[in-house]
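Chain by chain, the residues:
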Amino acid sequence: MVDLTYERFQWSRGFQVVAGVDEAGRGPLAGPVVAAAVIMPRETIIRGVDDSKRLSPALRMELAALILARARAVGIGVVNHHVIDDINILQATMRAMENAVANLAIPPNYLLIDGPRYHSSVIPYTAVVDGDAKCFSIAAASIIAKVTRDHMMLEYDRQFPLYGFARHKGYGTREHLEAIRRYGPCEIHRRSFRMPEKLDTK
């Protein structure tokens, strides 16, 4: 259940500006990895905010608008496919998160990070496994990251209409894999990601 337990614990320790941080796009075969950092006013809860993967696209859009309207600050970090290929997806994800935090208009003094790991020598943090399903600030960040990346993939769909990016957002669906085999990879495909040798027919 998403609530303010993690935020309240850090507020009680004296950290007044707590940011939730999450990413979207680690798994796809194409496009960027996008991270978001969100600072909400204390004790703010927006009904319906949850792990972005549990929400319909329409509800994500609605909630993203509410989060942007009520947040004290929102930062976005984008790392493109070239950098992903150069430094690997884990390091690219860390960089996207760092960039999102750096792009906050209000400097946070504590971070709540989705996932098992993070690295920061400047701002104290807690990494929360499945944080987007537990922590309100992280869940809010997950929605902003997902909506931002989905919008980018819609733009890429217009540039590269053969691949169906508007439907699968770059993930390795059967449709996407068949398009790659038919047309070859396009400019935004991650060359460092191994394509399955066989299509999953199940």
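Below: a short report on this structure. (Residues numbered from 1 in each chain as written. Predicted model: local features only at pLDDT ≥ 70, side-chain atom pairs only at ≥ 80, totals over all residues. Heavy atoms only, no water.)

Here we look at the overall build of the protein
Across its full length, the protein holds 7 helices and 5 strands. In sequence order, the protein lays out its α and β elements as α-β-β-α-β-α-α-β-β-α-α-α. For the C-alpha atoms alone, the extent of the protein along its principal axes is close to 55 × 35 × 30 Å. Taken over 202 residues, the protein has a buried fraction of 51%. Here the contacts in the protein between residues at least 6 apart in sequence split such that 67% fall between residues at least 24 apart. For the protein, the computed accessible surface area is about 10000 Å², with 53% contributed by carbon and sulfur atoms. In the protein, the 26 positive side-chain charges and the 22 negative ones have mean positions that sit 2 Å from each other. (Helix = DSSP H or I, 4+ residues; strand = E, 2+ residues; numbered from the N terminus. Buried < 20%, exposed > 50% of the residue type's maximum accessible area, 1.4 Å probe, protein only. Contact = heavy atoms within 4.5 Å. Areas by Shrake-Rupley, 256 points an atom, 1.4 Å probe, with all protein chains shown as cover. Lys, Arg positive; Asp, Glu negative; His and termini not counted. Charge placed at Lys NZ, Arg CZ, Asp CG, Glu CD.)

Quick look at the nonpolar core
Core analysis: the largest hydrophobic core is formed by 26 residues, its most contacted members being Val-101 and Leu-111. Looking at this core, the elements that each hand over two or more residues are β1 (18–24), β2 (33–39), β3 (73–79), α4 (89–102), β4 (110–114) and α7 (174–183). No other element matches α4, which puts 7 residues into this core. Counting 21 residues, the second-largest nonpolar core is a separate cluster that includes Val-49, Leu-55, Ala-64 and Ile-67. (Core = buried A, V, L, I, M, F, W, Y, C linked by side-chain atoms within 4.5 Å.)

Here we look at α7
His-176, Leu-177, Ala-179 and Ile-180 are the residues of α7 that are buried. Axial view of α7: buried residues confined to an arc of 160 degrees, hence all on one face. Of the surrounding secondary structure, the elements contacted by the buried residues of α7 are α6 (165–168). Looking one or two places after α7, you find Gly-184, whose phi comes out positive at around 80 degrees. (Arc of directions from axis to C-beta.)

What to know about the sheet that holds β3
Each strand in a sheet pairs with its neighbour through backbone hydrogen bonds, running either in the same direction (parallel) or in the opposite one (antiparallel). The sheet built from 5 strands is open, its strands ordered β3-β2-β1-β4-β5 with mixed pairing. Two strands close off the open sheet at either side, each with one partner strand: β3 and β5 (125–128). Neighbour-to-neighbour, the strand axes of this sheet turn through a mean angle of 20 degrees, independent of strand direction. Here β2 runs beside β3; their pairing, made up of 7 bridges, is antiparallel. Looking at β3, one finds that Val-38 is bridged to Val-74. (Pairing = 2+ DSSP bridges. Axes fitted to C-alpha atoms, helices over the stretch in contact; angles between N-to-C directions.)

A word on the packing of aromatic side chains
The description of two aromatic rings rests on the distance between their centres and on the angle between their planes. Evaluated as defined, the whole model comprises 5 aromatic pairs. When the centroid spacing of 6.2 Å and the interplanar angle of 75 degrees are considered together, the rings of Tyr-163 and Tyr-183 count as edge-to-face. Taken together, the residues Tyr-163 in the loop between α5 (136–159) and α6 and Tyr-183 in helix α7 connect sequence positions 20 residues apart. Taken together, the aromatic side chains of Tyr-163, Phe-165 and Tyr-183 make up a single cluster linked through ring pairs. The cationic tip of Arg-190 hangs over the ring face of Phe-193; the distance from NZ or CZ to the ring centre is 5.0 Å. (Phe/Tyr/Trp six-rings, centres within 6.5 Å; stacked < 30°, edge-to-face > 60°. Lys NZ or Arg CZ within 6 Å of the ring centre and 35° of its normal.)

Observations regarding the packing of helix α2 (residues 57–70) against α5
Where α2 contacts α5, the two axes come as close as 9 Å, and the packing angle between them is 115 degrees. The way α2 lies across α5 gives a crossing that is left-handed. Together, Arg-60, Met-61, Leu-63, Ala-64, Ile-67 and Leu-68 of α2 and Ala-140, Ile-143, Ile-144, Lys-146, Val-147 and Asp-150 of α5 make up the contact between the two elements. For the contact of α2 with α5, the per-class residue count stands at 9 nonpolar, no polar and 3 charged. (Left-handed = near helix turned anticlockwise from the far one by under 90°. Nonpolar A, V, L, I, M, F, W, Y, C, P; charged D, E, K, R; others polar.)

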